[in-house]
Amino acid sequence: MDLTYTEEEEAFREGLRAWLADVLPKLPAKPSPDDWPGRRAYDTAWQRTLHDAGYGEVHWDASPTRRLIFLEETEKAGAPYVGANFVGLLHAGPTIASEGTPEQRERWLPPVLRGDEVWCQGFSEPDAGSDLASLRTRAWRDGDDYVVSGSKIWTSHAEVADWCELLVRTTPVSDEVPKHRGITWLAMPMDAAGITVRPLRTLAGSAEFAEVFLDDVRVPVGNRVGAENDGWRVTMVTLSFERGTAFVGEVVACRRLLGELAREARANGRWDDAVLRRGLGRLSAEFAALWRLTQWNVSEAQRTGGVPGTGGSVFKLRYSHARQELYDMAAEVLGPGALDADRPWTLERLSSLSYTIAAGTSQIQRNIVAERILGLPKGR
């Protein structure tokens, strides 16, 4: 497989670098991490800036390789992350682009690309996390609407979102209907009557997640993406994007952090520890390999039509653990300073603990690798 870039792709990279060098110094200061309305305004303004410069469509209306270059270069330059636009740009948007009708793509994609609308993700439930197909939020047809009741948890950016990519059960589980077959994917307007959002504060002190309670919420049937009861297949498309390309920028950030740790170790004397140096070297090789795996996954997605495959699970599994190991190494380098809550590394270390759970637990990823890549029999 060819992992090199074409002349056209390298020209795209150089043009992007030049544009970032011109635009980034002019950006306003970032709002407080706890100011979610302010963060939404900041993140959507950045997305509008990208859109007006011709880079808005890169997340799903460009080749996977261009998307990779874009994510790599924006992270290297220290550009704002997608932030509140995360679900719309990296999950719901690509899913609608792949699975939606022409009318749905026309309705929902341009506002996301312009930064006009923000999405949240309503997948997990209190009793349906790793076993997502066990979800119980019900939706039943009433004319041209679905009536939805239930609850969701760990809903990213729900308090500032306009739309929610929502999984509901439209057919009860029975001997004839396994739990994976009765699920439907809906786009739910967050201003609909019957929705209650309760923010959740994380260990790191942030509140980007929420509980969402749904009490007879009416969602038009026209907001269904895919066929009724075909939501599990549509969800696999969503999760392939979540595990396949959504973490690209973070790999670049981790490689940069390794360099910062090495400089810190040299400055504070920890560099004299040969065991620590070997640990930093091993992690450097680990993230270099993950970057190559990312390139391979992107090349495979480009070859097969743009949707990441099961290789994303291999990446997600190893990256989650490598990121935690990186912040364990940061604690070794920083010593007591690793407990200083005012240092960004400390908060990032706390955040890293969630990576073996978010976007599918490591246990789920191992099952996917075993069954879908290695062809091993399913466990009973």
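Computed from a predicted structure; not experimentally measured. (Residues numbered from 1 in each chain as written. Predicted model: local features only at pLDDT ≥ 70, side-chain atom pairs only at ≥ 80, totals over all residues. Heavy atoms only, no water.)

## Some thoughts on the overall build of the protein
Then, number 1: For the protein, the count of helices and strands is eleven helices and eight strands.
Then, number 2: Across the protein, the fraction of contacts at a sequence separation of at least 24, relative to all contacts at a separation of at least 6, is 74%.
Then, number 3: Counting only carbon and sulfur atoms, one obtains 52% of the accessible surface of the protein, whose full area is about 17,500 Å². (Helix = DSSP H or I, 4+ residues; strand = E, 2+ residues; numbered from the N terminus. Contact = heavy atoms within 4.5 Å. Areas by Shrake-Rupley, 256 points an atom, 1.4 Å probe, with all protein chains shown as cover.)

## Focus on unusual backbone geometry
Note on backbone geometry: most residues besides glycine have negative phi, and most peptide bonds are trans.
Then, number 1: One non-glycine residue, W154, lies in positive phi territory at about 60°.
Then, number 2: Tracing the chain through its elements places W154 in the loop between β3 (145-152) and β4 (163-169).

## So, the pattern of salt bridges
Then, number 1: Using the criterion set out here, one finds 28 salt bridges in the structure.
Then, number 2: Across the salt bridge formed by R141 and E228, the nearest N and O atoms sit 3.9 Å from each other. Taken together, the positions of R141 in strand β2 (residues 138-142) and E228 in the loop between β8 (224-225) and α6 (231-244) put the pair 87 residues apart, joining distant regions of the chain.
Then, number 3: R318 is the salt-bridge partner of E286, the closest N and O atoms lying 2.6 Å from each other. Note that E286 is positioned in helix α8 (residues 274-303) and R318 in helix α9 (residues 311-334), a separation of 32 residues in sequence.
Then, number 4: Judged by relative accessible area, which is 29%, R318 ranks as partly exposed.
Then, number 5: Via salt bridges that share partners, E10, R13, E14, R17, E72, E73 and K76 belong to a single interconnected network. (Salt bridge = Lys/Arg side-chain N within 4 Å of Asp/Glu carboxyl O. Buried < 20%, exposed > 50% of the residue type's maximum accessible area, 1.4 Å probe, protein only.)

## With respect to the nonpolar core
Then, number 1: With 41 residues, the main nonpolar core has W19, W46, F70, L261, F287 and L326 as its most contacted residues.
Then, number 2: Contributions of two or more residues to this core are made by α1 (7-23), α2 (36-52), α3 (64-76), α7 (248-268), α8 and α9.
Then, number 3: If one sorts the elements of this core by residue count, α9 sits on top with ten residues.
Then, number 4: Of the residues that make up this core, three or more belong to each of domain 1 (7-114) and domain 3 (242-373).
Then, number 5: Counting 26 residues, the second largest nonpolar core, distinct from the first, contains W60, A92, W163 and A187. (Core = buried A, V, L, I, M, F, W, Y, C linked by side-chain atoms within 4.5 Å. Domains from an automatic or database assignment.)

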